[in-house]
Structure formats: structure tokens, C-alpha cells
Amino acid sequence: MALESNIPSGPLAQKWDKHKFDIKLVNPANKRKFDVIVVGSGLAGASAAATLGELGYKVKCFCYQDSPRRAHSIAAQGGINAAKNYQNDGDSVHRLFYDTIKGGDFRAREANVYRLAQVSVNIIDQCVAQGVPFAREYGGLLSNRSFGGAQVSRTFYARGQTGQQLLLGAYSALCRQIGMGTVKMYPRTEMLDVVVIDGHAKGIIVRDLVSGEISSHAADAVVLATGGYGNVFFLSTNAKGCNATAIWRAYKKGAYLANPCYTQIHPTCIPVSGEHQSKLTLMSESLRNDGRVWVPKKKEDCDKAPGSIAEDDRDYYLERKYPSYGNLAPRDISSRAAKEACDQGRGVGPGKLGVYLDFADAIKRLGLNVIRERYGNLFDMYEKITGENAYQVPMRIYPAVHYTMGGTWVDYNLMSTLPGLFVLGEANFSDHGANRLGASALMQGLADGYFVLPYTIGNYFASSKQAKPSSSHAEFKRAEEEVRKFTQRLLSIKGKRTPTSLHRELGKLLWEKCGMGRNAAGLKEALKRIPELREEFWKTVNVTGEAMEFNQALEYAGRVADFMEFGELMCLDALDRNESCGGHFREEFQTPDGEAARNDEKYAYVAAWEFRGQNQAPVMHKETLEYTEVHMSTRSYK
Amino acid sequence: MNLTLKVWRQKNGQSAGHFDTYPARDVIEDMSFLEMLDVVNEDLIAAGKDPIAFDSDCREGICGMCSLVINGVPHGGHRGTATCQLHMRHFKDGETITIEPWRAEAFPIIKDVAVNRAAFDRIMQAGGFISVNTGGTPDGNAIPISKAVADKSMDAAACIGCGACVAACKNASAMLFVAAKVSQLNLLPQGEPEKHRRALAMVTQMDKEGFGSCTVTGSCEAVCPKEISLSFIAKLNRDYGIGALLGK
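Residues numbered from 1 in each chain as written. Chains lettered and ligands numbered in written order. Predicted model: local features only at pLDDT ≥ 70, side-chain atom pairs only at ≥ 80, totals over all residues. Heavy atoms only, no water.

1. Considering the overall build of chain B
- Looking only at helices and strands, chain B features 8 helices and 7 strands.
- Seen along its three principal axes, the alpha-carbon backbone of chain B occupies a region of about 60 × 35 × 35 Å.
- Classification of the 248 residues of chain B by burial places 58% in the buried group.
- Counting 25 positive and 28 negative side-chain charges, chain B places the averaged centre of each group 7 Å from the other. (Helix = DSSP H or I, 4+ residues; strand = E, 2+ residues; numbered from the N terminus. Buried < 20%, exposed > 50% of the residue type's maximum accessible area, 1.4 Å probe, protein only. Lys, Arg positive; Asp, Glu negative; His and termini not counted. Charge placed at Lys NZ, Arg CZ, Asp CG, Glu CD.)

Shown next as C-alpha cells:
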């Protein structure tokens, strides 16, 4: 099947308005005749479910957490971008659009990004009206801060918990609809398959995580807003429950997956403290404004107390390698430099996977109080986790996976290659290209859910004229049976290894071979090892308990089983892309001074992978990226 | 260090529960409390036993999914710290740690130490929102809100809905939770038009769910991982009282 992106014609700035006028509408009185399933209740899912409910559709919303308010959007700290130009510093829709395209290393779809920048201004208005307590100035107007990758101040924030406050806003709108009966909420319920009838997505199979019951839900359209796949690496800043199951099972039913190799590694996370580590915690990047990054010059010094290492024996490697940007070098570059230092055996702390972020000079220069005022909450958080006082000893940091730009391929209407299946937020691939800018994830989730999907889904209903589905259809029964068999298979093995140990092994492999730096030899090794590991999983995994009960081991094992397949596609995609761009750094493709070497001539396309059957090679389809309003320049931070 | 865990085990909501004792060996002080439980669970699985069911998700103190009453105190009793941020360096070698679920009639046990907090969602559905639809909202700067008011609203909004306040309360009252939710919206001009209605609806639903009454002992504030202030309960009482008088 050829990829049809359905980008409207006309000038870039007018496409969305034109499209909104051209697409068909569903009469208000007819909307209640359409059932919509929304899977996931983060920013994208909750905002979509609430808005569709307000419009009059009959909505069912599913989440695996015990409440829709807990989805992982909640953990975002920094803020949300919007082209409001409240600061009168020259911001505009076009500038936000350009920054996002450039930040994405020219691998995002131009029309989608422009629309994102356009609706960004509506998001802030919407959130304020819902009672989101954004930071304000003394005059009572909204406050902004600056963020990476931009020269204007356009980021709105609510202390260090913007994600939670925006999610609570969307959740409150969702609660209102649940109370009014337009949305029915299914918490602690996990989607395990998409049901396709006559080539259209017509429902899902779910497992009630409390009772273990497997049931069918039919609808006129299915919306996935199930987040990213960062947990394929085992260790990431994602929540423990984040998984790729929904998009992976949809992939197997015909929804192509795009650019799975684009993963973002954040440079300032708290390092791993041992084998027991279950997840990683991000520290705001703003710390690098005043902290100096260094490692000992000599391996022998790595175990010494940092204070006892003489100035001359320290390697301030970012300042040395990037004199003009120094400690503020971009995320991908800082991450790779830290890895390089640790690979040379000069890492510090347990496991030698850490570098120092030292505030001693800043404290000397500015005084302890200034540093406390600026970063007090972060120093507190660091102390809670590590037990160390960073005012006295340097922090230890290390890069960690925290966002995935790849995801289900969608067209301009956010519909996947499986008609009737829409994919929103981090789960889709569309807006961030090969690298996402800070404070843009929240913007995209809410743009998709509040302001894009509610229009485009109507067009699907009005133009596709599909038969009303029923959950008693044979396809539902068949899919339910498949899910039961899958569950039984997991429970029947009772081998020697826990799901966690197998997941950890997969994660380590991917982190080494398909993490911050990748090369063909390593990827080939991973592609050989993953199928072996998968086989081991299906032979040796020990899933305790039973199917018809609250069984966290079973939930988790199912997700790990999908990661075992997903990881392979990720490596395949990374091997195929013989260039470096954004979060995808192929070691063979770098400039003499170690920067990413993009190859626009050959790789200015989206790689969308089609599932062709178990144990068969997937087929790659290309969507060529064309830029009409921007020039594809080289990102430079020298 | 080596520890002994006394853990509440309960097959499901219908069966009776009991304490089981497990060793936690070779615990490292850098482990979080939940990572220590992960390791104990790995051992249980290896021994062919059912692992301990407990809730957690973000593991960075913001999603509110984790619970656990540790040695009698919800979240373990460290100021402003949720269970997932509690680290093992606060415990001593040889110590016995008791782990129980949130205990409240309105939070029925699902399994072991995992409970059902859907009552909180139903309280929110009764009135925890401002009645605006998507689109057609005024510009974000159309209504100036003083910094002091916005900050106060933010203080209330910091609630993560974990339910520790209920678990700590001798009456299993949900007043701190409801007060935080009502106050966030009622303090802001956007929430003003519905403020009495909101307070009445949410308190009515709270009572319906079987939460107990508030006697202002302050145990809720003491265990709250986000340090939500007891003073919001006064704000709630005021809005509720006036609403009741006005017959909203």
C-alpha cells in the first residue's frame, strides 16, 4: 500500500483552515450515533475523549492505571510551548514552526508541524479556562521562561509540574463528561488487540486487570493515545507501566510503524546505582547553566573523592571540546560526550557510569543562596534519591532514554494506514522528526486531542460510511480467542527466568547497540541476538499466578513479549538509516569533528514499516519529506 | 543490610487477609523502597511463590499511584516524600518493617497492598471541574490573576491524589483531598461562578462514598507527600457553608 499523507494543497499557512472547511462534518444530532474508543488517558487521550464527548459522540476511554489522572504526561516538569508572543520578543507561529522543524533535524512533516504551531495558542487559552494554575507575573499576566532550541521566551509553566497541571486540566474536562454520561471510563483495563472488519478498525479486545476478564468493545473508530516505547530499553525516565503493546499490536493489524529508531536521550539524569535499578529520574537541564561537567583525566582517580582531585587532573570535556557552547552544548552532543568519557573508563560513581556536574565554582562566584534559590528543589530531589548533598559534593549525572519520536505512521488527519485507527501524541511519529525540543511534547499531545482529531474524525465518519459494528461479530470472537491463547501461553511456560530479568537483558543490549551511538556491526549483532533472546523468553519465562485474577506479573510479561519484537524493528530501522540525524547517531556517519552527518539526498524520508507476518521480514515504505517554506540547513553549535 | 518484612497478603477483595513474613537480603541503601520490594518479588517468583501486588507507576513522586503504609505511617513518614521516593538508607540492618495497604472503607483492597481509589475519581466527576468546552475560550491573558492567588491555587493543585490523607485519618476522611481540589478551582476567577455548587456536589459525593468526618487533627497534612496545607479545609468549609445557606 502506498503512503498517502493527505496533506491539503495550498500555501502552508492556509492548509489547516482550508482543510477544516473542506472536510465533511457530522450533523450534531447524528454524532451520538457514533461510538469512539480512546485508549490511553494522558494529555492526548484525555483531551480527545473529553472533546469528543462534548461534541456528542459516544466515547469509551481505557487506561491501565487506576485513574486516568495518573498517565505519564503527569511527570513532565518544564513547560509547554506556545507562539503567543506575550513577551514581545519576536515570536510567531512561523518561528515556533521553524524552531520545531530545525530542532527535529529536518525529518518531520512540514504541514503537521505548521498546524501544531498554529493551534499552540489555543491550547494555553483552553488550559487557563479550565483552571490550570500557570505561573503569573505580579501584574497578573502569564509568565514565560526560555527553553532549549529557541531564542524567544515562549514556554508556559506551572512550577516544576507543568505536566501534572495540564493533565489535571484535561482530566477535569474528562471527569465532567464522565459525570454527564457521554464518556464511559474503564480504568485498570489494558488493550490487547485491535479488531479489523472489512479493512477498518472496528474495536478492541481488552483485559480487565482486576478480574482478568477478557472482553470485546466495538466502535466506529479507535483512537490510540498510548504514549512512547522508551521502556523497550528497560531503564528510562518513563513510568514503570509505559509500554508499546497497543501500537505494536495495531502494527500487526496493518498500522505501519514509522522511524522507530528515533529515540531521545536526555543528558542530565541521576545515574544508575546498581542492578536493582527500576527506573531513572530526570533532573532539569537548566542545571547546566551553572554546573560544570567533568570527569578525572586519569582512570586511577575515578574512585577518589572528587574534592581531592586537583584542578589539573580534571577534564572539563564539554568546555574543552565545544568552547563556544561549553556546558550548554545540545542534548544529543552532551549525552554522547558523557558516554565517550565513561567508555574510556573515566566514569565516576557506582558502576562507573556517571560524570560530575559541579557547582563549586558557581557557589564561589554567586554565593550559596543564589544557587539555592535557582535550583533548591532539584538539589532536594537529588538528595532524596542519592543521599548526597550537592552543595558540598558535585552531582553525578548520566544520560537516559526519555522520549521516543518514532511511532505509528499517521496521515495529516492523524489516521494510520489502518482506516478508522487514529493515533495521537507520543504514540504517533508526526511532529518531532528525529529530535524533540523541550516543552513540545505537552504541546503536541494537547494539540492532537483538543484541536486536531475532533475535526478529522468527523470527516472519516461522514465520508467512509461504514456498517455499524457489533462485538458479537466473528472477528471479535476470533481476536478474543487469540488473546486468551497468548495469555495462557505466557502462564503455561513456568520456566526459570523472571520477566524482569529478560527485559533487563533486552534493555541492556538495546542501550549498548541501539542507544546513544549506533553502528552497523553493533546493530547486526543485536539483530542476531534479539531473536535468540525472544526464543529464550518464550522458553524460560516464569509468569506466576493465574489468568482470572489481578496479576501484575502477567500484565508485565505481555508487555515484555511485545518489547522483544519491537526492539528488533528498532534496530532494523537504525541499520537501514545510513546517516546521523537528531537522536539517531550512526558512528560511521559523522563529520571529522564528531558531529552528526545528515544525508538529505538519500534519507530525507519517513521510514514506515509494514508487518508482513510473524517471522517474516517487514517491508519499508518511504514518505518523502518535502519542504516548501524552509531551507534544510545543517544544525551547528560550534 | 538484611531486613525482615511483615507484609499484608490478601488474595482479593472477597477473602480475608493476613501478615506474612519475608526476609529482604542484601538490601543496598541506594535502593528505593519499591526497588527493595522488586527484589523481594524476584526472589518470591524464583521460589515459585506469588509476588506481592503493590501499585506504582512513575516512581518519581508525581503520579500518586504508589501507596503503602510503612511501619504504621502512610508513605513511611518522611516529610514531603511519597513511597516511591523513600530510600533504604533510612532503615537499619536487622530492622523489621511492616507493610500494609491504605485502610479505608472507601478504598477496598484489590489484592495484597493494592487498593481501589475510584472513589476519588467519582468525587471529581461530581464537580471537580470548570464547566467549559473545548474551543471558544477567551485569551489566556484576558483575566489578570494576581500572583498571590495563582500561587495559592497552585499550592492546592499540587495534590497528587494518592489517598495518604485518607489512610492517615482515624476517620478515613477525604477532606484534605476534596479541600485541595475545591480550593484550586474556587480560588481562581475562572472557578468563581460554580464555586458553591462545586463544594456542595463534591462533599455530597464524598459522604456517599463512605469517607468519614473531619475532626481537624491534622494527621492528613503530616503525611501528605505534597505537603498540602490543612488551611484549605477551612476554605472548603466556608464555600460549602455559604453554598448550603444559599441553597445552591
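On we go from here.
2. Topic: the overall build of chain A
- For chain A, the count of helices and strands is 17 helices and 19 strands.
- At 24 Å, chain A has a C-alpha radius of gyration in line with the 26 Å of a compact globule built from 638 residues.
- Overall, the C-alpha framework of chain A stretches about 75 × 60 × 50 Å when taken along its three principal axes.
- When the 638 residues of chain A are sorted by exposure, 65% land in the buried category.
- Once local pairs closer than 6 in sequence are excluded, the contacts in chain A between residues at least 24 apart make up 73%.
- Split by element, the accessible area of chain A, about 22,100 Å² in all, is 50% carbon and sulfur.
- Positive and negative charge centroids in chain A, built from 80 and 72 side chains respectively, lie 3 Å apart. (Rg over C-alpha atoms; globule rule 2.2 N^0.38 Å. Contact = heavy atoms within 4.5 Å. Areas by Shrake-Rupley, 256 points an atom, 1.4 Å probe, with all protein chains shown as cover.)

3. Considerations on the sheet that holds strand 10 (residues 257-258) of chain A
All names here are of chain A.
- Reading across from one edge, 16-10-18-19 is the order of the 4 strands in this open sheet, with antiparallel pairing throughout. Edge positions in the open sheet fall to strand 16 (407-408) and strand 19 (619-624), since each of these has one partner strand only.
- Relative to strand 18 (residues 605-610), strand 10 runs antiparallel, the two sharing 2 bridges. Across the sheet, Leu257 pairs through a bridge with Trp609, a residue of strand 18.
- Its contacts with the sheet put helix 16 (residues 552-576) on strand 10, strand 18 and strand 19, and the angle it makes with strand 18 is roughly 145°. (Pairing = 2+ DSSP bridges. Axes fitted to C-alpha atoms, helices over the stretch in contact; angles between N-to-C directions.)

4. So, the packing of aromatic side chains
Residue and element names in this part refer to chain A.
- Summed over the entire model, instances satisfying the criterion amount to 33 aromatic pairs over all chains.
- Ring geometry for Phe97 versus Tyr114: centroids 5.1 Å apart, planes at 65°, classification edge-to-face. With Phe97 in helix 4 (residues 93-103) and Tyr114 in helix 5 (residues 110-130), this residue pair connects regions lying 17 residues apart in the sequence.
- A relative accessible area of 0% means that Phe97 is categorised as buried.
- Note on Tyr114: relative accessible area 9%, which makes it buried.
- On the numbers, 5.8 Å between centres and 75° between planes, the contact of Phe422 with Tyr460 is edge-to-face. Of this pair, Phe422 sits in strand 17 (residues 421-423) while Tyr460 sits in helix 12 (residues 441-464), placing them 38 residues apart in sequence.
- Judged by its relative accessible area of 7%, Tyr460 falls in the buried class. (Phe/Tyr/Trp six-rings, centres within 6.5 Å; stacked < 30°, edge-to-face > 60°.)

5. Some thoughts on the domain arrangement of chain B
Residue and element names in this part refer to chain B.
- According to the domain assignment, chain B contains domain 1 (3-111) and domain 2 (117-246).
- Domain 1 and domain 2 are separated by 29 Å when their C-alpha centres are compared.
- With 21 residues of domain 1 in contact, the opposing surface of domain 2 contributes 20 residues.
- Where domain 1 abuts domain 2, roughly 1,500 Å² becomes buried across the two surfaces, and 62% of that area is made up of carbon and sulfur atoms.
- The largest per-residue losses of area from domain 1 upon contact with domain 2 belong to Pro74, Ala106 and Phe107, which jointly make up 33% of the total buried on that side.
- Between domain 1 and domain 2 we count 2 salt bridges in total.
- Residue Glu227 pairs with Arg79 through a salt bridge whose shortest N-O separation is 2.9 Å.
- The interface formed by domain 1 and domain 2 includes 5 residue pairs in polar contact (both at pLDDT 80 or more). (Domains from an automatic or database assignment. Buried area = accessible area lost by both parts, 1.4 Å probe. Salt bridge = Lys/Arg side-chain N within 4 Å of Asp/Glu carboxyl O. Polar contact = N/O pair within 3.5 Å; in protein donor to acceptor, adjacent residues only side chain to side chain.)

6. Details of the environment of A:Val560
Residue and element names in this part refer to chain A.
- Turning to its location among the elements, Val560 is positioned in helix 16.
- Classification of Val560 as buried rests on a relative accessible area of 0%.
- For the pair Val560 and Ala462, spaced 98 residues apart in sequence, the C-alpha to C-alpha distance is 39 Å.

7. Here's the deal with the pairing of strand 5 (residues 96-100) of chain B
Residue and element names in this part refer to chain B.
- Judged by how many residues are buried, strand 5 sits mostly within the fold: 4 of 5 residues are covered.
- Both strand 1 (residues 3-9) and strand 5 contribute to a ladder of 4 bridges, which runs parallel. What sits directly across from Lys6, in strand 5, is Thr98.

8. Digging into the interface of chain A and chain B
- Counting residues at the interface gives 72 residues for chain A, matched by 73 residues for chain B.
- Interface area, chain A with chain B, both sides summed: about 5,900 Å², of which 50% is carbon and sulfur.
- Here chain A and chain B share 6 salt bridges between them.
- Put simply, chain A and chain B have 49 residue pairs in polar contact (both at pLDDT 80 or more) between them.
- Elements with a minimum of two residues in the side of chain A that touches chain B: helix 3 (43-55), helix 5, helix 6 (162-180), helix 11 (368-386), helix 12 and helix 14 (499-514) of chain A.
- If you tally residues by element for the side of chain A that touches chain B, the top one is helix 6 of chain A, at 10 residues.
- Taken together, the residues that form the side of chain A that touches chain B break down as 24 nonpolar, 32 polar and 16 charged. (Nonpolar A, V, L, I, M, F, W, Y, C, P; charged D, E, K, R; others polar.)

9. Re helix 6 of chain A
All names here are of chain A.
- End to end, helix 6 covers 27 Å across 19 residues, agreeing with the expected 27 Å (1.5 Å per residue, within 8%).
- With 17 of 19 residues buried, helix 6 is to be regarded as a mostly interior element.
- One or two residues past the end of helix 6 sits Gly181, with phi positive at roughly 90°. (Expected span 1.5 Å × (residues − 1).)

10. As for helix 1 (residues 33-46) of chain B
All names here are of chain B.
- The first and last C-alpha atoms of helix 1 sit 20 Å apart over 14 residues, in line with the 20 Å expected at 1.5 Å per residue.
- On its buried face, helix 1 sits against strand 1, strand 2 (18-24), strand 3 (69-70) and strand 5.
- Positive phi shows up at Gly48, right after helix 1, with a value of about 75°.

11. Looking at the domain arrangement of chain A
Residue and element names in this part refer to chain A.
- Parsing chain A into structural domains produces domain 1 (12-263 + 403-464), domain 2 (265-401) and domain 3 (474-604).
- Placing the centre of domain 1 and that of domain 3 at their C-alpha centroids yields a distance of 24 Å.
- Summing both sides of the interface, domain 1 and domain 3 together bury roughly 4,000 Å²; the carbon and sulfur share of this comes to 62%.
- The largest contributions to the domain 1 side of the interface with domain 3 come from Arg107, Val232 and Phe234, which together make up 17% of the buried area.
- One can count 6 salt bridges joining domain 1 with domain 3.
- Put simply, Arg598 and Asp105 hold a salt bridge, and the shortest N to O gap is 2.7 Å.
- In this structure, the connection of domain 1 to domain 3 is made through 22 residue pairs in polar contact (both at pLDDT 80 or more).
- Taken together, the elements giving at least two residues each to the side of domain 1 that touches domain 3 come down to strand 6 (189-197), strand 7 (200-208), strand 8 (214-218) and helix 7 (245-252).
- Within the side of domain 1 that touches domain 3, the residues separate by chemical class into 26 nonpolar, 13 polar and 10 charged.

12. As for the pattern of salt bridges
- Taken as a whole and assessed by the stated rule, the structure comprises 70 salt bridges over all chains.
- Taking the shortest distance from any N to any O, the salt bridge between B:Glu60 and A:Lys279 comes out at 2.6 Å. Separated into two different chains, B:Glu60 in the loop between helix 1 and strand 3 and A:Lys279 in the loop between strand 11 (263-269) and strand 12 (292-296) make up a pair that spans both. Per residue, the accessibility class of B:Glu60 equals that of A:Lys279, and both read buried.
- A salt bridge links A:Arg484 to A:Glu481, with the shortest nitrogen-to-oxygen separation between them at 3.6 Å. Separated by 3 residues within a single helix, A:Arg484 and A:Glu481 lie in helix 13 (residues 474-493), roughly one turn from each other.
- Assessed through its relative accessible area of 32%, A:Arg484 is described here as partly exposed.
- Each member of the salt-bridge network shares a partner with another, and the members are A:Asp105, A:Arg107, A:Arg577, A:Glu579, A:Arg598 and A:Asp600.

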